[in-house]
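Structural characterization, general
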Amino acid sequence: GGAGLSHAGADACSPQAGVAGAPGAMGCENVLAEFHLWDTARVGVIRRKHLEDVFGVLLPASGSSISGEQLRPLLDRFTDPSGDAVEYERLIRFLYDSEGESEAHSVQNADESNALDFAESPTSPGYGTDWSAPSTPRQQPTPRLHFRRLLAELKQVHLAMRSEDSCGLLLCQPVQDNLMHWQADMAFPPNSPLQRSLEELAASLFDTSRGRVTFHVRFPVDYPLSPPEVRIHEPRLKFRSAPVTLGGHVCSHLLTSQGWSPGSTMSHVFQELRRELLEAGAEVDVALSVKRGYPEAPPQLQRLRTPLFPLANGFLREGVSAVSAALGSAFLGDLGRLEESDKVGLPVDCADEIFSQGDDLQLPLMFEIKTRLGRKTHCALYEFLEGLPSDHVLLPRWIMDDLFLEEREAVSIRGVDLARIRFVKIQPHSVDFYQAVQHAGGEVAHLLTRSLSRFSALTEDTSVPIQICGGRYNVRIVHLEPQAAVRIIDPDVQQDFEFRVDFDPAPDLEDEADLRRRQNELMRRYQLRREEHEAVLRALEERRSAARRRHFEALRARVEAAAGLDAGAGCDVELLLRLPGGEQARARLRDGAPTAALYALALQSRWAEESCPWGIQLLASYPRQVLREGGLVTKAMHRSAVAVREEPAPEDDDELFREAGEAEEEKAAVEEEMKAAEEEKEEEASPSVKNASGRDREIEEAKAVANEEQEDEEEEEEGDAEEEEEEAEDEE
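Residues numbered from 1 in each chain as written. Predicted model: local features only at pLDDT ≥ 70, side-chain atom pairs only at ≥ 80, totals over all residues. Heavy atoms only, no water.

**Some words on the overall build of the chain**
When its secondary structure is counted, the chain shows 20 helices and 22 strands. Counting across all 732 residues of the chain, residues that qualify as buried make up 45%. Here the analysis covers contacts within the chain between residues at least 6 apart in sequence; of these, 71% occur between residues at least 24 apart. Carbon together with sulfur atoms contributes 48% to the accessible area of the chain, which is approximately 38,300 Å² in total. (Helix = DSSP H or I, 4+ residues; strand = E, 2+ residues; numbered from the N terminus. Buried < 20%, exposed > 50% of the residue type's maximum accessible area, 1.4 Å probe, protein only. Contact = heavy atoms within 4.5 Å. Areas by Shrake-Rupley, 256 points an atom, 1.4 Å probe, with all protein chains shown as cover.)

Listed below in structure tokens is the structure:
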């Protein structure tokens, strides 16, 4: 039942779709009939806010529901032939709420809820029966949009992307917040042909983001009961290097009705797609991808599904082996005419089964061929061949190539009733087609009509070879009317009919404006890439200079610490330092001073400050020797010349940054040691200062005591002298 809403509703929305029993019906009437809106005056109660959100209009202020007459102009608006490609998805959003529950109930309860029934049943229009409204509508199960399932699967994919089992996925998100339409970016193993060609494309476009394959996934209304549709958005793959059509549709057994299971998850789908592309040896068509990607997907899903093409003449065989005309010629004789056609050869026993229909025989005899990957094509009968085994069919080699079929691969074949062609849009594979048309002259539409008329049937998203001036040129069938598969032959050979032909530009076709635009864009990207590269080089060079500076300062601090007080002080030995660049410096050191003092003097020079050498060596001229950093200066070196040689920095950046970091740590350790030594010296000096001050105080106290005693003695002497004078006066 779900497939009816998903696909029949999509076809009904197309302006070309007609309604049986109501010829020429279009727009709203078609939609109402397709969705079983039997009583348009009593449409189901649908929430006002939901309608306003979907259609972007304000509804009448009275009440919270909307009648069929009020709904009609809204449906007309979104099914108008000039409408955009989102009509189908908006109608689906309109019919279902965000929780996945249908807004409509059964028509059986119309008095209570004014409801409607969308479900497709064996007696509904999706199966080719009467389109008129039934007198007694039956309750049918309605399809549900399983948004919770989709949300859970999206979360599962995101969790897988953060784990080791990421399937190469780099991105997975809804397109424009539409949970029914996902975009996924996938990368592949670096050594695979596909990833190498992706990197080549990214380099040619100066765009690193192009080193991935972008998939678009669209879900049907009845997902997960039906499989999703997966297409490649960009880049273009080499045609037939993988099971991908020229329109970008990915063919996989997992995505067919036979291979799909409701228990399958999107994580499993992405894993399977990645495996199949790698096993097929897919490669990017760089020459085409730099010009354009795959075309946008049509708004309708699965226009080739089986219920749209009823079984004809009761003929259906599954699991038969497909054999090319070239291989069948070995035991059936010359089959050159079959190879040049688009028809199928059947065994003789099929004739008895088909012609047993008697008066109910449907002509012309048309057949649908379906592969294990879900690829379909339609064709007429070549003839019933004597000697062809009953479980085999003969096909032209070009049809097998287009269907990705190998010899003796199993296919299913069934009789179908196809509508006669009214319109076809094609897309040439290359610009060679235009050159051939120009060389042939005449009217293009007439030429294409005549070239396509030699086929018996056409199918969307297949490629056929057409003859122009004796040459064969492949074209892709982009769009057909009135259905996705049509017949060109007619049982009434006396009646001539015409059909309209249009075409899309070839993938490699570019006019001068497009070429200039692409060249300007490439030049802009090149300039931007160049500026980014130069900025990276500047940042790297700045980082290198900073690392050299840190290493130099650490080296100078270390040798200055080793030189101690001898760094530039002394008079016993006079030396001449010859620095790189012709600069000279004189050093006077004491006998026995460490050679680290010479290193310190060299590293304190202007040359060293400007060039920040990674390391230096000292070479004495007499006696000839290399002065090591841990050596001593002797009188024998008096008035000798010492050459300073610079040591190069490591060429490897990682080693340079690592050693610079170690030197920085060593410098910090040296500074800590020097600080600790100074603190120890201060602690050692503090007791002597205390002792000196104590002695000074004792001396001062002793002097004070001595002064007091002397003053006392003087006072006693003065007292004695006064007594003696008084005694002398008394005696006198």
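Having put the structure on the table, let's press on.
**Comments concerning the pairing of strand β10 (residues 409–416)**
Of all eight residues that make up β10, six are buried, and the element is covered over most of its length. By the bridge criterion, six bridges tie strand β5 (residues 311–324) to β10 in an arrangement that is antiparallel. Within the sheet, the bridge partner assigned to S321 lies in β10 and is A410. As judged from the six bridges shared by strand β7 (residues 366–371) and β10, these two strands associate in the antiparallel manner. Bridge pairing links F367 to G415 in β10. (Pairing = 2+ DSSP bridges.)

**Some thoughts on the sheet that holds strand β16 (residues 485–487)**
The strand order across the open sheet built from three strands is β11-β16-β13, with neighbouring strands paired in mixed fashion. A single partner strand is all that each edge strand has here, and the edge strands are β11 (419–420) and β13 (457–459).

**Digging into the UniProt feature "coiled-coil region" (unreviewed entry) in the chain**
Here, UniProt's "coiled-coil region" (unreviewed entry) annotation points to residues 523–550. Helix makes up 100% of residues 523–550 and strand 0%, whereas the separation of the span's terminal C-alpha atoms amounts to 40 Å. (UniProt positions renumbered as here; feature names shortened; annotations may be inferred.)

**A few points about the pattern of salt bridges**
Within this structure, the stated rule accounts for 27 salt bridges. A salt bridge links E153 to R149; the nearest nitrogen and oxygen atoms lie 2.4 Å apart. Of the two residues, E153 and R149 both sit in helix α7 (residues 147–161), four residues apart, roughly one turn of that helix. For R397, the salt bridge identified is with E407, shortest N-O distance 3.0 Å. Taken together, the residues R397 in helix α14 (residues 397–402) and E407 in the loop between α14 and β10 connect sequence positions 10 residues apart. (Salt bridge = Lys/Arg side-chain N within 4 Å of Asp/Glu carboxyl O.)

**Let's talk about the environment of S341**
As for its position among the elements, S341 is in the loop between α12 (336–340) and β6 (344–347). Residue classification places S341 among the buried positions, given a relative accessible area of 13%. For the pair S341 and W398, spaced 57 residues apart in sequence, the C-alpha to C-alpha distance is 9.6 Å. Sequence-distant contacts of S341, that is, excluding residues within four places in its chain, are made with P396 and W398.

**Focus on the side chain of E460**
By the secondary structure assignment, E460 is in the loop between β13 and β14 (463–468). At 3.3 Å, the side chain of E460 and the side chain of H479 are in polar contact. Every residue in contact with E460, bar those within four places of it in the chain, is listed here: R303, L304, I477, V478, H479, L480, Q483 and A484. (Polar contact = N/O pair within 3.5 Å; in protein donor to acceptor, adjacent residues only side chain to side chain.)

**Some remarks on the nonpolar core**
Of all hydrophobic cores here, the largest spans 44 residues; its most connected members are V344, L346, F367, I413, V424, L458 and I466. Not counting residues within four places of it along the chain, the set of residues in contact with V424 comprises L452, L458, I477, H479, L480, F499, R500, V501 and D502. Counting residues in each nonpolar core, the second largest holds 42 residues, with L205, V217, V269 and Y294 among its members. (Core = buried A, V, L, I, M, F, W, Y, C linked by side-chain atoms within 4.5 Å.)

**Section: the sheet that holds strand β12 (residues 423–428)**
The strands making up a sheet are joined through hydrogen bonds of the backbone, oriented either antiparallel or parallel. The four strands lie next to each other as β14-β15-β12-β17, forming an open sheet whose pairing is mixed. Of all strands in the sheet, those bounded by a partner on one side alone are β14 and β17 (500–503). In this sheet, adjacent strand axes meet at a mean angle of 40° when their direction is disregarded. Examined bridge by bridge, β14 and strand β15 (residues 471–481) share six bridges and lie antiparallel to one another. Following the sheet pairing, V464 is matched in β15 by V475. Helix α15 (residues 432–440) rests against β12, β14, β15 and β17 of the sheet, and its axis sits at about 30° to β14. (Axes fitted to C-alpha atoms, helices over the stretch in contact; angles between N-to-C directions.)

**A word on the packing of α7 against helix α9 (residues 266–280)**
Between α7 and α9, the least distance of the axes is 8 Å, while the angle of their chain directions is 50°. The angle between α7 and α9 falls in the class oblique. Along its contact with α7, which presents E153, Q156 and V157, the element α9 presents M266, S267 and F270. Class assignment of the residues belonging to the contact of α7 with α9 gives a composition of three nonpolar, two polar and one charged. (Parallel < 35°, antiparallel > 145°, perpendicular 65-115°, else oblique. Nonpolar A, V, L, I, M, F, W, Y, C, P; charged D, E, K, R; others polar.)

**What to know about unusual backbone geometry**
Residue Y223 is joined to P224 through a cis peptide bond whose omega torsion reads 10°. With respect to the element layout, P224 can be found in the loop between β3 (213–218) and β4 (229–234). The omega torsion of the bond from E234 to P235 falls at -5°, within 30 degrees of zero and hence cis. Here P235 shows up in the loop between β4 and α9. A positive phi is found at F206, a non-glycine position, where the angle reads about 55°. Along the chain, F206 turns up in the loop between α8 (193–205) and β3. The partly exposed category is assigned to F206, whose relative accessible area is 29%.

**Remarks on the environment of E283**
Tracing the sequence through the fold places E283 in the loop between α9 and α10 (286–289). Separated by 86 residues in sequence, E283 and S197 place their C-alpha atoms 6.1 Å apart.

**Observations regarding helix α18 (residues 596–603)**
For α18, a buried count of seven out of eight residues is recorded, marking the element as mostly surrounded by other parts of the structure. Within the sequence span of α18, burial applies to A596, A597, L598, Y599, A600, A602 and L603.

**Focus on the confidence of the model for the chain**
Taken as a whole, the chain shows an average pLDDT of 75; of its residues, 72% reach a score of 70 or greater. Ranking the elements of the chain by mean pLDDT puts helix α6 (residues 110–113) last, at 32, and β3 first, at 93. The low-confidence segment residues 61–65, where pLDDT is below 50, has 10 contacts with residues more than four positions distant or belonging to other chains. (pLDDT = per-residue confidence, 0-100.)

**Description of the packing of aromatic side chains**
On inspection of all chains with the given rule, the structure shows seven aromatic pairs. For the pair W398 and F455, a centre-to-centre distance of 6.1 Å together with 75° between the ring planes defines the contact as edge-to-face. Linking W398 in helix α14 with F455 in the loop between α16 (444–452) and β13, this pair joins segments that are 57 residues apart in sequence. Of the two residues, W398 and F455, neither departs from the other in class, the shared state being buried. Three or more aromatic residues joined by ring pairs make a cluster, and in this case those are W182, F219, Y223 and W260. When the ring centre of F455 is taken as origin, the NZ or CZ atom of R454, which lies over that ring, is 4.5 Å away. Directly above the ring of F657 sits R543, whose terminal nitrogen or CZ lies 3.8 Å from the centroid. (Phe/Tyr/Trp six-rings, centres within 6.5 Å; stacked < 30°, edge-to-face > 60°. Lys NZ or Arg CZ within 6 Å of the ring centre and 35° of its normal.)

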